[in-house]
Amino acid sequence: MPKPHQASPAPPPPTPLPLSLAILPPRTCPLATALLALLSLLLATALWLALVLSPAQASLASSSSSSALSYAAAADEALSAADASSPLSLGHIVFGIAGSAHLWPRRREYVRLWWDPSSMRGHVWLDAGAPGPSAPGEDSLPPIRVSEDTSRFRYTNPTGHPSGLRIARIAAEAVRLVGGGAARWVVLVDDDTVLSPDNLVAVLGKYDWREMVYVGAPSESHSANTYFSHNMAFGGGGVALSFPLAAALARTLDVCIERYPRLYGSDDRLHACITELGVPLSREYGFHQWDIRGNAHGILAAHPIAPFVSIHHVEFVDPIYPGLNSLESLELFTKAMKTEPMSFLQRSVCYDVKQKLTFAISLGYVVQVYPSVLLPPELERSERTYIAFNRMSQRTEFDFDTKEIQKSMCKKPVLFFLKDVWKDGNITRGSYIRSTDRDDLKRKVFCFRSSPLPDIDEIQVSASPLSKRWHLAPRRLCSAVKGSINGTLFMFVRQCGRGAFGSASDSLD
């Protein structure tokens, strides 16, 4: 036995395991291991779906196959219609008019100005049912539909409004509603848009609707075009989609707009999804977003040489004609537009060389008489009587040719505004009355001459109809002064002859 105070001997060290046994994991239950692996796989899958797929996409995935089939069937039905090669008519166009229940009681009067229920089809799409009782003449308006709920889609733009999601989907809802049949185009406008249906048919008739075609125009505002796109059709002026494009867009729209939650509104969402399909904008100069405020005279007096199709934001501009309120002005405006659609707002220039006067006509709107000879390049520019919708007014804010307002009293034109228009056989006659702001005495004192045409109170303009192919190669119209009787000056406007130099050149020689 050990002696007192003597330590016991240390135990022997453990015998090391062979290398092959040392690297093996400890023994576990095979069933538990399998269950743990299965739970890990399920958890990873759930996390991946939560990160990659939003709730909207998950709900859309289940219905995408059936929607794709229905939209494809609609496109096939339109392409195989019996009259697929006949000339385009209003019956081939499906209109989608974007509105809101709050504003519709007021803005329906703008739609009433151009809508014809006997020859047009489409719907007004509101965010809720129209409030209050039906207005008189409700049958003269397009039927109302309430848009589908869009709360399942993401919207993260800090300055816009989620209504852009609802309005962007009108194209898809319209395609689903009409199915196909004789539809060739889907045209989207706003409830404060004024449209020329006849000119719309003429312009769209230039294109092969059986292909994917995207027609419209960008904004007048350079800032708006820079922010959104110079190649985007702005919806207030109108967006025209050939039916194959509308059907293809409808098949992909819900999934597509979920990729762009930070976009501002509806037009840029449509443009993004159309760009994904590879379709460029076909620009038409008669579509007008009208991103302006104030006096629209400068734009109306210098309209592009192209068929007028639309104007927008009519509540933000002054009354078009003096002495009338906004709605009365639009009633006269659309009366002139319907009387002779193709020549409406088309311009002509001629001269009285002896009196050194320039006559600049904008049919259906105004005759301007300048107290000097101004050449056509100067008259082509739009006088900036307006400001942009963002309240900017400098020249660089506008994406078209402009000029400063003429401030010199001695160089200002005398204005004769449209008072009435009517048909006389195939001739369109318009009565243009002298503006009451004559300043005759001031001109005599400061300019050493009287106002142009001091004895004329009315100019009566007679215009012959344009050929049905004028819009394919448009040209400024020709005109001439025919003389005066009892305070009325008579002028005649016509399409220039194929070999003619034009009224401007002819009257200067």
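For the structure, check the block above.
Small disclaimer: the values here were computed from a predicted structure and weren't measured.

*Asks:* Sorry if this is basic, but what is going on with the pattern of salt bridges here?
*Replies:* Side-chain pairs of opposite charge can arise where the charged atoms are in close proximity. According to the stated counting rule, one finds 22 salt bridges in the structure shown. Asp-254 is the partner of Arg-169 in a salt bridge, and the nearest nitrogen-oxygen pair spans 2.7 Å. With Arg-169 in the loop between helix H5 (163–168) and helix H6 (170–178) and Asp-254 in helix H9 (residues 243–257), the pair connects residues that are 85 residues apart, well separated along the chain. Residue Arg-169 is classed as buried on the basis of its relative accessible area, which comes to 2%. Between Glu-380 and Arg-347 there is a salt bridge whose closest N-O contact spans 3.3 Å. Note that Glu-380 is positioned in helix H13 (residues 376–380) and Arg-347 in strand E11 (residues 347–352), a separation of 33 residues in sequence.

*Asks:* Can you walk me through the nonpolar core in this structure?
*Replies:* Most often, soluble globular proteins have nonpolar side chains that are buried together. Membership of the largest hydrophobic core comes to 54 residues, with the highest contact counts inside it found for Phe-333, Tyr-365 and Ile-459. Counting residues per element, this core draws most heavily on strand E17 (residues 414–424), which supplies six residues. Residues within four places of Phe-333 in sequence aside, it is in contact with Leu-300, Phe-308, Ile-311, Ile-320, Tyr-321, Phe-344 and Leu-345. Listed in part, the 35 residues of the second largest apolar core include Val-175, Val-239, Ala-246 and Ile-274.

*Asks:* Even after reading the chapter, I still don't get the side chain of Asp-268, so can you show me in this structure?
*Replies:* Mapped onto the elements of the fold, Asp-268 is located in helix H10 (residues 267–276). Here Asp-268 occupies a buried position and makes no salt bridge, while the nearest side chain of opposite charge, Arg-269, is found at 4.5 Å. Discounting residues that sit within four places of it in the chain, Asp-268 has contacts with Phe-228, Met-232 and Leu-263.

*Asks:* Help me understand unusual backbone geometry, please; the structure alone is not making it clear to me.
*Replies:* Among all residues save glycine, negative phi is the norm, and among peptide bonds the norm is trans. In this model, Leu-345 sits at a positive phi of 65°, which is unusual for a non-glycine residue. A relative accessible area of 0% places Leu-345 in the buried class.

*Asks:* I keep staring at the sheet that holds strand E1 (residues 93–98) and nothing clicks. Help me out?
*Replies:* Within a sheet, adjacent strands bond to each other through the backbone by hydrogen bonds, running parallel or antiparallel. Across the sheet, which stays open at both edges, the seven strands sit in the order E3-E2-E1-E4-E7-E6-E8 with mixed pairing between neighbours. If you trace the sheet from one side to the other, it starts and ends with strand E3 (144–146) and strand E8 (281–283), each paired once. The mean inter-strand angle of the sheet, taken between neighbouring strand axes irrespective of direction, is 25°. Note: strand E6 (residues 214–216) against strand E7 (residues 239–242), two bridges, orientation antiparallel. The partner of Tyr-214 across the bridge, within E7, is Leu-241.

*Asks:* Looking at this model, I keep getting lost on the layout of surface pockets. Mind explaining?
*Replies:* A water-sized probe, rolled over the atoms, reveals where empty space remains. In this structure, the largest pocket encloses a volume near 1200 Å³. As for the largest pocket, its lining consists of 43 residues, of which Asp-190, Tyr-264, Asp-267, His-312 and His-313 are closest to the centre. Secondary-structure elements contributing two or more residues to the lining of the largest pocket are E1, H5, strand E4 (185–190), helix H8 (222–227) and H10. No other element matches the four residues that H5 contributes to the lining of the largest pocket. Each residue belonging to the lining of the largest pocket can be placed in one class, and the counts come to 16 nonpolar, 18 polar and nine charged.

*Asks:* Would you mind showing me how to read empty space enclosed by the protein here?
*Replies:* Counting across every chain of the model gives three cavities of 30 Å³ or more. Approximately 130 Å³ is the volume attributed to the largest cavity. Along the wall of the largest cavity there are 16 residues; nearest its centre are Ala-301, Ala-302, Gln-368, Tyr-370 and Leu-379. For the lining of the largest cavity, the secondary structure elements donating two or more residues are helix H11 (297–300), E11, strand E12 (357–362), strand E13 (366–370) and strand E14 (382–383). Broken down by element, the residue count for the lining of the largest cavity peaks at three residues, all from E11. Its residues placed into classes, the lining of the largest cavity shows seven nonpolar, five polar and four charged. In this structure, the second largest cavity occupies an estimated 120 Å³ of space. Forming the walls of the second largest cavity are 14 residues, and the residues nearest its centre are Leu-363, Gly-364, Val-421, Thr-428 and Tyr-432.

*Asks:* I'm lost on the environment of Ala-336 in this one. Help?
*Replies:* Examined against the element boundaries, Ala-336 turns out to sit in helix H12 (residues 326–339). Accessibility expressed as a relative area gives 5% for Ala-336, which makes it buried. Taking C-alpha positions, Ala-336 is 9.4 Å from Thr-428, a pair spaced 92 residues apart along the chain. If near-sequence neighbours (up to four positions away) are discounted, Ala-336 is found in contact with Phe-344, Gly-364, Leu-418 and Val-421.

*Asks:* Would you explain the packing of aromatic side chains in this entry?
*Replies:* Aromatic ring pairs are described here by two measures, namely the spacing of the ring centres and the angle between the planes. As enumerated under the stated definition, the model contains 16 aromatic pairs in all. Ring centres of Tyr-365 and Phe-417 lie 5.7 Å apart, and the angle between their planes is 70°; this geometry places the pair in the edge-to-face category. Taken together, the residues Tyr-365 in the loop between E12 and E13 and Phe-417 in strand E17 connect sequence positions 52 residues apart. Connected via pairs of aromatic rings, a cluster forms that spans Tyr-227, Phe-228, Phe-234 and Tyr-264. The ring of Phe-389 has Arg-293 lying over it, and the distance from NZ or CZ to the ring centre is 4.2 Å.

*Asks:* In this structure, what is going on with the pairing of E7? I would like to understand it.
*Replies:* For a regular strand, the rule is simple: side chains alternate between the two faces of the sheet. Neither face of E7 is open: one carries Val-239 and Leu-241, the other Ala-240 and Ser-242, and all of them are buried. Judged from the four bridges that link them, E4 and E7 form a sheet pairing that is antiparallel. Residue pairing across strands places Leu-188 opposite Val-239, the latter belonging to E7.

*Asks:* Hey, could you run me through the state of the cysteines in this one?
*Replies:* Working definition of a disulfide: a covalent bond connecting the sulfur atoms of two cysteines. As enumerated under the stated definition, the model contains three disulfides in all. Each sulfur of the disulfide joining Cys-410 and Cys-447 lies 2.0 Å from the other. Disulfide Cys-410-Cys-447: torsion about the S-S bond near -90°, hence left-handed. In this pair, Cys-410 is assigned in the loop between strand E16 (402–403) and E17 and Cys-447 in helix H14 (residues 440–447), connecting sequence segments 37 residues apart. A sulfur-sulfur distance of 1.9 Å marks the disulfide that ties Cys-478 to Cys-496. Its S-S torsion of about 105° marks the bond between Cys-478 and Cys-496 as right-handed, since a negative value means left-handed. Of the two residues, Cys-478 is situated in strand E20 (residues 478–485) and Cys-496 in the loop between strand E21 (488–494) and helix H15 (503–508); the sequence distance between them amounts to 18 residues. Exposure class is identical for Cys-478 and Cys-496. Each is buried. Once the disulfide-bonded cysteines of the chain are ranked by sequence position, their pairing pattern turns out to be 1-2, 3-4, 5-6. The thiol of Cys-350 is not disulfide-bonded; the next cysteine sulfur, from Cys-478, is found 9.6 Å away.

The rules we used
- Residues numbered from 1 in each chain as written.
- Predicted model: local features only at pLDDT ≥ 70, side-chain atom pairs only at ≥ 80, totals over all residues.
- Heavy atoms only, no water.
- Salt bridge = Lys/Arg side-chain N within 4 Å of Asp/Glu carboxyl O.
- Helix = DSSP H or I, 4+ residues; strand = E, 2+ residues; numbered from the N terminus.
- Buried < 20%, exposed > 50% of the residue type's maximum accessible area, 1.4 Å probe, protein only.
- Core = buried A, V, L, I, M, F, W, Y, C linked by side-chain atoms within 4.5 Å.
- Contact = heavy atoms within 4.5 Å.
- Lys, Arg positive; Asp, Glu negative; His and termini not counted.
- Pairing = 2+ DSSP bridges.
- Axes fitted to C-alpha atoms, helices over the stretch in contact; angles between N-to-C directions.
- 1 Å grid on protein atoms, 1.4 Å probe; cavity = no way out; pocket = protein on both sides within 12 Å on 5 of 7 lines; lining within 4 Å.
- Points joined across faces, edges and corners; volume = space filled by probe spheres on them.
- Nonpolar A, V, L, I, M, F, W, Y, C, P; charged D, E, K, R; others polar.
- Phe/Tyr/Trp six-rings, centres within 6.5 Å; stacked < 30°, edge-to-face > 60°.
- Lys NZ or Arg CZ within 6 Å of the ring centre and 35° of its normal.
- Disulfide = S-S within 2.5 Å.

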